[in-house]
Amino acid sequence: MKSDFKKFLRAKAHSLKPVVITGQAGITPAVLNEIGLALDHHELIKVRVNAADREERREMTARICGELGAELIQSIGHIITLYRQNPDKK
């Protein structure tokens, strides 16, 4: 993904609120499903990843991106910004 496009998406995501918040159970199939539905509907979303430490957050983020085919746009603290183009939308 080109850096100019990532800059555009970061700017667009600035005002967004997290639409999914991971709980104590971590990344469950239900959480992945909700994130997938949100990406299908909005394409650009924020997710709050509640994890004990930075390394665990990185692992959870990598799992979300890998399983859902999403692109990590930004990660600040517990909030990650994800993008996945919806082929049905123009």
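Everything numeric here is computed off the predicted structure, so don't read it as measured data.

A.B. asks: Account for the pairing of strand 2 (residues 44-48), naming residues and giving values.
C.D. replies: The buried count for strand 2 comes to four of five residues, which makes it a mostly enclosed element. As paired strands, strand 1 (residues 18-21) and strand 2 are joined by three bridges and run parallel to one another. Across the sheet, Val 20 pairs through a bridge with Val 47, a residue of strand 2. Where strand 2 meets strand 4 (residues 79-83), five bridges bridge the pair, whose relative direction is antiparallel. From the neighbouring strand, Lys 46 faces strand 4, where its bridge partner is Thr 81.

A.B. asks: A description of the pattern of salt bridges should follow, citing residues and the corresponding values.
C.D. replies: It is possible for side chains of opposite charge to pair when their charged atoms get near one another. Counted according to the given criterion, the structure contains four salt bridges. One salt bridge connects Glu 55 with Arg 58, and the closest N-O pair in it is separated by 3.1 Å. Placement of both Glu 55 and Arg 58 in helix 3 (residues 54-68) is noted, with a separation of three residues, approximately one turn of the helix. Residues Glu 67 and Arg 63 are paired through a salt bridge, measuring 2.8 Å at the closest nitrogen-oxygen approach. With a gap of four residues between them, Glu 67 and Arg 63 both fall in helix 3, about one helical turn apart. For Glu 67, a relative accessible area of 48% puts it in the partly exposed group.

About the cut-offs
Residues numbered from 1 in each chain as written. Predicted model: local features only at pLDDT ≥ 70, side-chain atom pairs only at ≥ 80, totals over all residues. Heavy atoms only, no water. Buried < 20%, exposed > 50% of the residue type's maximum accessible area, 1.4 Å probe, protein only. Helix = DSSP H or I, 4+ residues; strand = E, 2+ residues; numbered from the N terminus. Pairing = 2+ DSSP bridges. Salt bridge = Lys/Arg side-chain N within 4 Å of Asp/Glu carboxyl O.

Read these as spatial facts, not as claims about activity.
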